[in-house]
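A closer look at the structure
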Amino acid sequence: SQQGEEDPQALSIQEGENATMNCSYKTSINNLQWYRQNSGRGLVHLILIRSNEREKHSGRLRVTLDTSKKSSSLLITASRAADTASYFCASGGAGGTSYGKLTFGQGTILTVHP
Amino acid sequence: EAGVAQSPRYKIIEKRQSVAFWCNPISGHATLYWYQQILGQGPKLLIQFQNNGVVDDSQLPKDRFSAERLKGVDSTLKIQPAKLEDSAVYLCASSWAGRGRNEQYFGPGTRLTVT
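Now for a quick tour of the structure. (Residues numbered from 1 in each chain as written. Chains lettered and ligands numbered in written order. Predicted model: local features only at pLDDT ≥ 70, side-chain atom pairs only at ≥ 80, totals over all residues. Heavy atoms only, no water.)

**Describing the nonpolar core**
It is characteristic of soluble globular proteins that their nonpolar side chains tend to be buried jointly. Basically, it comes down to this: Residues enter a nonpolar core if they are buried and are Ala, Val, Leu, Ile, Met, Phe, Trp, Tyr or Cys, with the set joined through side-chain atoms within 4.5 Å. When accessible area is computed with a 1.4 Å probe and restricted to protein chains, residues below 20% of their type maximum are described as buried, those above 50% as exposed, and intermediate ones as partly exposed. Here a residue-residue contact requires only that any non-hydrogen atoms of the pair lie within 4.5 Å.
Of all hydrophobic cores here, the largest spans 22 residues; its most connected members are A:Leu32, A:Trp34, A:Leu74, A:Ile76, A:Tyr87 and A:Leu110. For A:Leu32, the residues in contact, after removing those within four places along its chain, are A:Cys23, A:Tyr25, A:Ile47, A:Leu48, A:Ile49, A:Leu65, A:Ser72, A:Cys89, A:Ala90 and A:Ser91. Counting residues in each nonpolar core, the second largest holds 21 residues, with B:Ile13, B:Cys23, B:Ile26 and B:Leu32 among its members.

**Some words on unusual backbone geometry**
Our working definition: Put simply, DSSP H or I for four residues or longer makes a helix, DSSP E for two residues or longer makes a strand, and each gets a number counted from the N terminus.
The omega angle of the peptide bond from A:Asp7 to A:Pro8 is 0 degrees, so this bond is cis rather than trans. Along the chain, the position of A:Pro8 falls in the loop between strand S1 (5-7) and strand S2 (10-14). Phi at A:Lys70 takes a positive value of approximately 50 degrees, unusual for a residue other than glycine. Within the secondary structure, A:Lys70 sits in the loop between strand S7 (61-66) and strand S8 (71-76). The backbone phi angle of B:Arg16 is positive, close to 80 degrees, even though this residue is not glycine. The residue B:Arg16 is located in the loop between strand S2 (10-13) and strand S3 (19-24) in this model. Note on B:Arg16: relative accessible area 64%, which makes it exposed.

**Here's the deal with the interface of chain B and chain A**
This is how it is decided: We define buried area as the total accessible area lost by two parts upon association, computed with a 1.4 Å probe and summed across both. In what follows, salt bridge is the name for a side-chain nitrogen of Lys or Arg lying within 4 Å of a carboxyl oxygen of Asp or Glu. In protein, a polar contact requires one atom able to donate a hydrogen and another able to accept it; more generally it is a pair of N or O atoms within 3.5 Å, and residues adjacent in sequence count only if both atoms are side-chain atoms. For this classification, Asp, Glu, Lys and Arg are treated as charged, while Ala, Val, Leu, Ile, Met, Phe, Trp, Tyr, Cys and Pro are nonpolar and the rest, including Gly, are polar.
The interface of chain B with chain A comprises 20 residues on the first partner and 20 residues on the second. Summed over both sides, the interface between chain B and chain A buries roughly 1700 Å², with carbon and sulfur atoms accounting for 44% of that surface. At the surface where chain B touches chain A, the tally comes to zero salt bridges. Where chain B touches chain A, the interface holds two residue pairs in polar contact (both at pLDDT 80 or more). At the level of secondary structure, the elements contributing two or more residues to the side of chain B that touches chain A comprise strand S4 (31-37) and strand S5 (44-50) of chain B. Of the residues forming the side of chain B that touches chain A, the biggest block, three residues, is contributed by S5(B). Classifying every residue of the side of chain B that touches chain A gives five nonpolar, 10 polar and five charged.

**As for the sheet that holds strand S8 (residues 75-79) of chain B**
Residue and element names in this part refer to chain B. Threshold: Think of it this way: DSSP has to see at least two bridges between two strands before they count as a pair. Note on definitions: angles span 0 to 180 degrees between N-to-C directions of axes, and those axes are lines fitted to C-alpha atoms, for helices only across the stretch in contact.
Strand order in the open sheet made by the four strands is S1-S3-S8-S7, with antiparallel pairing throughout. Single-partner strands in this sheet number two, and they are strand S1 (5-7) and strand S7 (65-69). Sheet twist, expressed as the average angle between the axes of neighbouring strands with direction ignored, equals 15 degrees. Strand direction decides the pairing type here: S3 and S8, joined by five bridges, are antiparallel. Counted as the bridge partner of cysteine 23 is serine 75 from S8.

**Brief notes about the environment of A:Glu53**
Residue and element names in this part refer to chain A. Turning to its location among the elements, glutamate 53 is positioned in the loop between strand S5 (42-50) and strand S6 (55-58). Here the alpha-carbon distance between glutamate 53 and threonine 64, two residues 11 residues apart in the chain, equals 8.3 Å. In this structure, glutamate 53 is in contact with Leu48 and Leu65, ignoring residues within four places of it in sequence. Among the polar contacts listed, one links the side chain of glutamate 53 to the backbone nitrogen of arginine 50, at a separation of 2.8 Å.

Encoded structure:
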């Protein structure tokens, strides 16, 4: 079963607007990663944030992590039509049988209209 | 740098038949993963290899699925016999040093349809 819950399931915005996606997880993590998937390029890694980090930036991406709430968010600023894709969070387990295991959420479908 | 290679890209079989998928990871990546992605869901880990050894196969349906990684490089995933619910995209990924600490690089996947 999927550990992560993503919110919203689908998001539709206009080009230039910001897009925010949220992710929750259930067990302790070593890190949390975000991936993008579209039909053209498959599943691509976007950004990784470690459990001892609270915020990380990469270009137009900003990721936050709140381990006390077991949640993360991905912000895409100044969105472009090319950002249209499914976005997945993936939690890297920290202990026991989950150690090292990457568990994906259900994903958020983002549509950016030109 | 060449990416993760997978073949075939598409496969249609009837239930109870067998099928095999092949994966060639990025050169030098010690860790290799097989995922199953059902339409509308996120990828689910089936099996993880570290070099030749299996690290995690807890979600692999071992009565019908098998996987091997020869010489710590290429890998094959087999389903025998296939069921209708096995229809999905099978993704192979690799990373430098597994255990979820580093990013994973994914292949294009094999879309399996079981009729």
